[in-house]
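Breakdown of the fold
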Amino acid sequence: RVLFPPTFSVSEIKNKQRRHFMFLRWKQQQRKEKLALKKKRRKEREALGDKAPPKAVPKTIENQRVYDETTVDPNDEEVAFDEATDEFAPYFNRQTVPKILITTSDRPRGRTVRFCEQLATVIPNSHVYYRRGLALKRIIPQCIARDFTDLIVINEDRKIPNGLVLSHLPDGPTAHFRMSSVRLRKEIKRKGKEPTEHVPEVILNNFTTRLGHSIGRMFAALFPHDPQFIGRQVATFHNQRDYIFFRFHRYIFKSEKKVGIQELGPRFTLKLRSLQKGTFDSKFGEYEWIHKRREMDTSRRKFHL
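This structure is a prediction, so every number in the text was calculated from the model and none was measured.

Quick notes on the nonpolar core
If you look at the biggest cluster of nonpolar residues, it comprises 40 residues, and the most contacted ones within it are Ile152, Phe177, Ile215, Phe219 and Ile244. If one sorts the elements of this core by residue count, helix 4 (residues 110-122) sits on top with five residues. Here Ile244 is in contact with Phe177, Phe207, Ile215, Phe219, Phe237, His238, Asn239, Phe268, Thr269, Leu270 and Leu305, once residues within four sequence places are set aside. Core analysis: the second largest hydrophobic core is formed by eleven residues, Leu101, Leu136, Cys143 and Phe148 among them.

Take a look at the structure:
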């Protein structure tokens, strides 16, 4: 057993290999002490039985979140009226059927092309078009004329997808996201079989503010109503600390009480950069919200979605 003096510091060791070895030993000792303390507390709780004090709630960034005055109250009549009259109201009133056009930046490379093809298998009634020299402002009127309800543009940098523009047609809004951690199906371990053509279920988690509601409604409007439960496929948009994690799973009933899930892919992470009124207009567009790092990222416990 290694016993370190109270004032011991691994950084004082000059030899690099010895310093690394002693650091691993120190981490191992820390884990053993933590595990022993955990076992001791569990035995004490078992001995006290019903008289045991309640477990302490650990402090996390999420439960210490700074209160946002735009957090939506489910019973707020003003929010209900705004959502009943916004650009997505025809979709939620079942007056329109989603029809999506997925395109790319100019002359995409192989990885971006494969990502678009796999994304089209996740979103029903979506069509992939590879853009070559055609301006985005010229694509939007053609999409409106062909009854497309949404336009998705996948941007890339150094052959890697790094951005996503989502524009709701014909009147907007348009959201711009930074995309990261893209994984195609072949890069996911223990993945399930290829997804079927059934309409998936959609799960939206933690979109609690007015801005978050707008973004959540944009994602919901991509998928048709009335999912086909026989397909057992679920598309999840999980917001955590303003990062939106997308996962696509198939669930499997192992028994009456146990359910297993298989990830189908692709997976990616989005970070909202701006929300613009109307369709895409980089010069004269009016922005509802823009992410400003120096002004908005002053506190780690403040979130906007």
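Quick word on the domain arrangement of the chain
Domains assigned within the chain are domain 1 (10-51) and domain 2 (68-297). When each unit is reduced to the centre of its C-alpha atoms, the spacing between domain 1 and domain 2 is 44 Å.

Remarks on the state of the cysteines
Applying the stated criterion across every chain, the model contains zero disulfides. The closest cysteine sulfur to the non-disulfide-bonded Cys116 is located on Cys143, 14 Å from its own sulfur. The exposure class assigned to Cys116 is buried, which follows from its relative accessible area of 0%.

Things to note about unusual backbone geometry
Generally, phi is negative for residues other than glycine and the peptide bonds are trans, each holding for most cases. With omega at 5°, the peptide bond leading from Leu169 into Pro170 counts as cis. In this fold, Pro170 is placed in the loop between strand 4 (160-168) and strand 5 (174-183). Here the amide bond leading from Gly265 into Pro266 is cis, since omega sits at 0°, within 30 degrees of zero. Relative to the assigned elements, Pro266 resides in the loop between strand 9 (259-263) and strand 10 (267-276). At Asn125, a position not held by glycine, the phi torsion is positive, near 55°. Structurally, Asn125 is set in the loop between helix 4 and strand 2 (126-129). The phi torsion at Lys159 lies on the positive side, around 70°, for a residue other than glycine. Along the chain, Lys159 falls in the loop between strand 3 (150-157) and strand 4.

Overview of the UniProt feature "domain: Brix" (unreviewed entry) in the chain
As recorded in UniProt, the feature "domain: Brix" (unreviewed entry) lies at residues 98-281. A distance of 23 Å separates the end C-alpha atoms of residues 98-281, which is 18% helix and 41% strand.

Overview of the pairing of strand 10
Taking burial as the measure, the ten residues of strand 10 include eight buried ones, the bulk of the element. Inspection of the sheet shows strand 5 paired to strand 10 by eight bridges, in the antiparallel sense. Bridge pairing in strand 10 places Thr174 opposite Gln276. In terms of strand pairing, strand 8 (residues 243-253) meets strand 10 through four bridges, oriented antiparallel. When the sheet's bridge partners are listed, Phe245 is paired in strand 10 with Thr269. Pairing between strand 10 and strand 11 (residues 287-290): three bridges, direction antiparallel. For Leu275, the partnering residue across the bridge sits in strand 11 and is Trp289.

Rules used throughout
- Residues numbered from 1 in each chain as written.
- Predicted model: local features only at pLDDT ≥ 70, side-chain atom pairs only at ≥ 80, totals over all residues.
- Heavy atoms only, no water.
- Core = buried A, V, L, I, M, F, W, Y, C linked by side-chain atoms within 4.5 Å.
- Buried < 20%, exposed > 50% of the residue type's maximum accessible area, 1.4 Å probe, protein only.
- Helix = DSSP H or I, 4+ residues; strand = E, 2+ residues; numbered from the N terminus.
- Contact = heavy atoms within 4.5 Å.
- Domains from an automatic or database assignment.
- Disulfide = S-S within 2.5 Å.
- UniProt positions renumbered as here; feature names shortened; annotations may be inferred.
- Pairing = 2+ DSSP bridges.

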